[in-house]
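# Tertiary structure, described
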Amino acid sequence: MKKEVTKRVQRIDTKVDKMRMRRKDTDTLKVKENVFDEATLKALYTASHRGVLNAIGGSISTGKEANVFLGEGKDGDIAIKIYRISSSTFNSMEEYILGDPRFRNVRHAKKDIIFAWTKKEHRNLTRAKEAGVRVPKPIYAERNILIMEFMGENEKPYPLLKDITLDSENAKLIFDTIVRYLELLYVKANLVHGDLSEYNIIVNPRTMEPILIDMGQSVTLEHPKAREFLIRDIENIMRFFKRYGIEGQAEELYLTMKEIKQENK
């Protein structure tokens, strides 16, 4: 069994080498097996052949459903998000996908849900960016692969909101900006993030600018749970910033956004 796994990893290594991609550090056996399956390698090769991807580097982050790698594109560093098809559970995705009118015809098969989710995140990032929200610029989506602008410096990603130390002034600045982002998503992009918290916001430590990430679950306002998701997003942000003396009511903020939405019709 061990020999067979080793042979499979060697075949993956050979294919990656043929794709003219390099890894800047050594990934674990588990990552190779779970992420770089044959279909994913073919999709990466397609991205490379189209000039979107020149090299793939080390791991930036590992989440419940996806791994994110540093990459090299034609204009500099990029982030390569690969949703794992074989080793992830995607039951939670269905409530976001199946209620979204943009994906009425998606089948319930796991692979189809993952492909729809990848496409959905690309669309959501595009809409958010067009509305004026600071998010990674989406570059390319194919099957279970999403390529985006890399948010960081010197090959290191910006820290998560939960991991930075803030004084009261910067905390208020970041809070106000995040609330403004939620408003822009709701009013201009017709979107709700759906899973917003200190774990899905990164911060540029030089400018203290917050950046929203992980928008695969974001839904349109037509989704039957859009209001529920938005209030939960607001409550999560309120809870986090309460430690800095920032108070507020989620329902009041939601009603304010709703009024602004009505005024902009």
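Residues numbered from 1 in each chain as written. Predicted model: local features only at pLDDT ≥ 70, side-chain atom pairs only at ≥ 80, totals over all residues. Heavy atoms only, no water.

### Examining the packing of helix 7 (residues 226-241) against helix 8 (residues 250-263)
To be explicit about the condition: Axis definition: a line fitted to C-alpha atoms, over the contacting stretch in the case of helices. Angles run 0 to 180 degrees between N-to-C directions. Secondary structure is summarised from DSSP: a helix means a run of H or I of at least four residues, a strand means a run of E of at least two, and numbering begins at the N terminus for each. Put simply, angles under 35 degrees are roughly parallel, angles over 145 are roughly antiparallel, angles from 65 to 115 are roughly perpendicular, and the rest are oblique. Crossings are classed by handedness, with left-handed meaning an anticlockwise turn of the near helix from the far one by less than a right angle and right-handed meaning a clockwise turn. Only heavy atoms matter for contacts: two residues are in contact if any of them lie within 4.5 Å across the pair. Classes in brief: Ala, Val, Leu, Ile, Met, Phe, Trp, Tyr, Cys and Pro nonpolar; Asp, Glu, Lys and Arg charged; the others, Gly included, polar.
Across the interface, helix 7 lies against helix 8 with an axial gap of 9 Å and an inter-helix angle of 125°. Between helix 7 and helix 8, the crossing angle belongs to the class labelled oblique. Viewed along their axes, helix 7 and helix 8 form a crossing whose handedness is right-handed. Facing helix 7, whose interface residues are Arg227, Leu230, Ile231, Ile234, Glu235 and Met238, helix 8 presents Ala250, Glu251, Leu253, Tyr254 and Met257. Looking at the contact of helix 7 with helix 8 residue by residue, the classes come out as 8 nonpolar, no polar and 3 charged.

### A closer look at the sheet that holds strand 2 (residues 66-73)
Strands in a sheet are paired, the pairing made by backbone hydrogen bonds, and the direction either parallel or antiparallel. Operational definition: For two strands to pair, DSSP has to find at least two bridges joining them.
In space, the 5 strands of this open sheet follow the order 1-2-3-5-4, with antiparallel pairing throughout. Here the strands that pair on one side only, and so sit at the sheet edges, are strand 1 (55-62) and strand 4 (138-142). Averaged over neighbouring strand pairs, the angle between their axes works out to 25° when direction is ignored. Taken together, the 4 bridges between strand 4 and strand 5 (residues 145-149) define a ladder with antiparallel strand orientation. Across the sheet, residue Ala141 finds its bridge partner in strand 5, namely Leu146.

### Here's the deal with the pattern of salt bridges
Here is the rule we go by: In what follows, salt bridge is the name for a side-chain nitrogen of Lys or Arg lying within 4 Å of a carboxyl oxygen of Asp or Glu.
Using the criterion set out here, one finds 10 salt bridges in the structure. A salt bridge links Asp214 to Lys81; the shortest N-O distance between them is 3.0 Å. Of this pair, Asp214 sits in the loop between strand 10 (209-212) and strand 11 (219-220) while Lys81 sits in strand 3 (residues 76-83), and the two are 133 residues apart along the sequence. A salt bridge links Lys162 to Asp163; the nearest nitrogen and oxygen atoms lie 2.9 Å apart.

### Brief notes about the packing of aromatic side chains
As a reminder, the rule being used: For this analysis, a ring pair means two rings from Phe, Tyr or Trp (six-membered ring only for Trp) whose centres lie within 6.5 Å, classed as stacked if their planes differ by under 30 degrees, edge-to-face if by over 60, and tilted for the remaining angles. Ring-over charges, as used throughout, are those where CZ of Arg or NZ of Lys falls within 6 Å of the ring centre and within 35 degrees of the ring normal.
For the coordinates displayed, the defined rule picks out 6 aromatic pairs. Look at Phe241 and Tyr244: their rings are 6.2 Å apart centre to centre, the planes differ by 45°, and that puts the pair in the tilted class. Three or more aromatic residues joined by ring pairs form one cluster here, namely Phe175, Phe240, Phe241 and Tyr244. Lying over the aromatic face of Trp117, Lys120 brings its terminal NZ or CZ to 5.2 Å of the ring centre.

### A short note on the environment of Lys120
Checked against the element boundaries, Lys120 lands in helix 5 (residues 110-130). For the pair Lys120 and Ser218, spaced 98 residues apart in the sequence, the C-alpha separation amounts to 8.2 Å.

### Concerning the packing of helix 6 (residues 168-187) against helix 7
Where helix 6 contacts helix 7, the two axes come as close as 11 Å, and the packing angle between them is 175°. Here helix 6 lies roughly antiparallel to helix 7, going by the angle between them. Residues Ala171, Ile174, Phe175, Ile178, Leu182 and Tyr186 of helix 6 pack against Leu230, Asp233, Ile234, Ile237, Met238 and Phe241 of helix 7. When the residues that make up the contact of helix 6 with helix 7 are grouped by side-chain class, the tally is 11 nonpolar, no polar and 1 charged.

### What about the side chain of Lys81?
Our working rule: Note on exposure labels: buried denotes an accessible area under 20% of the residue type's maximum, exposed denotes more than 50%, and partly exposed covers the range between, all computed with a 1.4 Å probe on protein chains only. Under the rule applied, a polar contact is a pair of N or O atoms within 3.5 Å (in protein, one hydrogen donor and one hydrogen acceptor; residues adjacent in sequence only if both atoms are side-chain atoms).
Classification of Lys81 as buried rests on a relative accessible area of 6%. Of note is the side chain of Lys81, whose polar atom sits 3.0 Å from the side chain of Asp214. Apart from residues lying up to four places away in sequence, Lys81 is in contact with Ala66, Asn67, Val68, Glu121, Asn144, Ile145, Leu146, Met148 and Asp214.

### Observations concerning the confidence of the model for the protein
For clarity, the cut-off: Residue-level confidence of the predictor, termed pLDDT, takes values from 0 up to 100.
Summarising the model, the protein shows a mean pLDDT of 85, and 84% of its residues fall at 70 or more. Between residues 1-12, whose pLDDT stays under 50, and residues either more than four places distant or in other chains, the model counts 11 contacts. Scored below 50 in pLDDT, residues 20-30 shows 32 contacts in the model against residues more than four places distant or in partner chains.

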